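Listed here are the chains, written in short residue letters.
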Amino acid sequence: MEFQSQLHRALALLSQRGLPRNRYEPPLFRLLWKIGVEVPPPHYMSFAKVAISYAGWFAVFWWGFIWVLVWSRQGRAMGDDVLVAVAAGAFFGLIMAWFYERDRKKLRLPAWESFGRG
């Protein structure tokens, strides 16, 4: 319950700063919170953590999607294109990390720890 309180305060601040809900509560994070993963909103994560988080899920889902729709029909082996998916994921992760870092600085957001526990 303590995390939920901290999360609620952080999200309220992001809302007060004028961000639309999908920007401060992205679907990936809403899913994580719903299943009980205690992760702060991306605006309060470090550049590296945001980059890795977004790169990981994007690489996996993009690879699966493209493999099923395109690469499997071309007769390519699943493993051959893992590097392509990792590169795409890394690019996406870096872009998203830059985006959240820019917002964090522009909005002058406090550190996640400043919301305290409880």
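Our subject is the structure listed above.
A quick note: this is a predicted structure, and the numbers were derived from the prediction, not measured. (Residues numbered from 1 in each chain as written. Predicted model: local features only at pLDDT ≥ 70, side-chain atom pairs only at ≥ 80, totals over all residues. Heavy atoms only, no water.)

## Some details on the overall build of the chain
What counts is decided by this rule: Each helix is a run of H or I in the DSSP string that is no shorter than four residues. Each strand is a run of E no shorter than two, and both are numbered from the N terminus. The globule rule used here is 2.2 Å times the number of residues to the 0.38 power, and the radius of gyration it is set against is calculated over C-alpha atoms. For the exposure calls, accessible area comes from a 1.4 Å probe over protein chains only, and a residue counts as buried if that area is under 20% of its type's maximum, exposed if over 50%, partly exposed in between. Note on contacts: a residue pair qualifies if any of its non-hydrogen atoms lie within 4.5 Å across the two residues. Neither His nor the chain ends contribute to the count of charged residues, in which Lys and Arg are positive and Asp and Glu negative. Think of each charge as sitting on NZ of Lys, CZ of Arg, CG of Asp or CD of Glu.
Along its length, the chain carries 5 helices and 0 strands. Reading the chain from its N terminus to its C terminus gives the helix and strand order α-α-α-α-α. The globule rule puts the C-alpha radius of gyration for 118 residues at 13 Å, and the 17 Å found for the chain is more than 25% above it. Considered along the principal axes of its C-alpha atoms, the chain spans approximately 55 × 30 × 20 Å. By residue count, 36% of the 118 residues in the chain fall in the buried class. Within the chain, counting contacts between residues at least 6 apart in sequence, those at least 24 apart form 71% of the total. In the chain, 15 side chains carry a positive charge and 8 a negative one; their mean positions are 8 Å apart.

## Quick word on the pattern of salt bridges
Quick note on the threshold: By convention in these notes, a salt bridge is any Lys or Arg side-chain nitrogen within 4 Å of a carboxyl oxygen on Asp or Glu.
Going through the model one piece at a time under the given rule, you end up with 5 salt bridges. The partner of Arg104 in a salt bridge is Glu101, and the shortest N-O contact between them spans 2.2 Å. Here the residue Arg104 and the residue Glu101 both occupy positions in helix H5 (residues 82–106), the gap between them amounting to 3 residues, near one helical turn. Of the charged contacts in the structure, one is a salt bridge between Asp103 and Arg102, with a shortest N-O distance of 3.7 Å. Judged by its relative accessible area of 2%, Asp103 falls in the buried class.

## With respect to a nonpolar patch on the surface
Filter applied, for reference: A patch consists of residues exposed above 30% relative accessible area that lack any salt bridge, with like charges linked at up to 9 Å and nonpolar side chains (Val, Leu, Ile, Met, Phe, Trp, Tyr) linked at up to 5 Å. Accessible surface is estimated by sampling points in the Shrake-Rupley manner with a 1.4 Å probe; for residues, cover comes only from the protein chains shown.
Side chains of Phe65, Val68, Leu69 and Val70 sit close together on the surface and give an oily, nonpolar patch of about 350 Å² of accessible area. Within the secondary structure layout, Val70 lies in the loop between helix H4 (47–69) and H5.

## Quick notes on the nonpolar core
The condition is simple: Throughout, nonpolar core names a set of buried Ala, Val, Leu, Ile, Met, Phe, Trp, Tyr and Cys residues whose side chains join them through atoms within 4.5 Å.
Within the largest apolar cluster, 23 residues are counted, with the highest numbers of intra-cluster contacts made by Leu14, Trp33, Tyr44 and Trp112. Sorting the residues of this core by element identifies helix H1 (2–16), helix H3 (27–34), H4 and H5 as the ones contributing at least two each. Here the element with the most residues in this core is H1; it accounts for 6 residues. With near-sequence residues (within four places) excluded, Tyr44 lies in contact with Ala10, Leu13, Leu14, Arg104, Leu109, Pro110, Ala111, Trp112 and Phe115.

## Concerning unusual backbone geometry
The residue Arg108 is not glycine, and still its phi comes out positive at about 50°. In this structure, Arg108 sits in the segment after H5. The exposed category is assigned to Arg108, whose relative accessible area is 72%.

## Comments concerning H5
As a reminder, the rule being used: In this scheme, a helix's expected span is set at 1.5 Å multiplied by one less than its residue total.
With 25 residues, H5 ought to run about 36 Å at 1.5 Å a step, and its terminal C-alpha atoms sit 36 Å apart, in line with that. Buried within H5 are the following residues: Ala85, Gly89, Gly93, Met96, Ala97, Tyr100, Asp103 and Arg104. Buried residues along H5 sit in contact with helix H2 (21–24) and H4. After H5 finishes, the residue Arg108 shows a positive phi value of roughly 50°.

## What about the packing of H4 against H5?
Our working rule: Geometry is summarised by axes, namely lines fitted to C-alpha atoms with helices restricted to the contacting stretch, and by angles between N-to-C directions that run from 0 to 180 degrees. Crossings are classed by handedness, with left-handed meaning an anticlockwise turn of the near helix from the far one by less than a right angle and right-handed meaning a clockwise turn. By the convention adopted, Pro, Cys, Tyr, Trp, Phe, Met, Ile, Leu, Val and Ala count as nonpolar, Lys, Arg, Asp and Glu as charged, and the other residues, Gly among them, as polar.
Direction vectors running N to C along H4 and H5 enclose 140°, while the axes themselves pass 7 Å from each other. Considering only the axes of H4 and H5, their crossing is right-handed. When grouped by side-chain class, the residues that make up the contact of H4 with H5 number 22 nonpolar, 2 polar and 2 charged.

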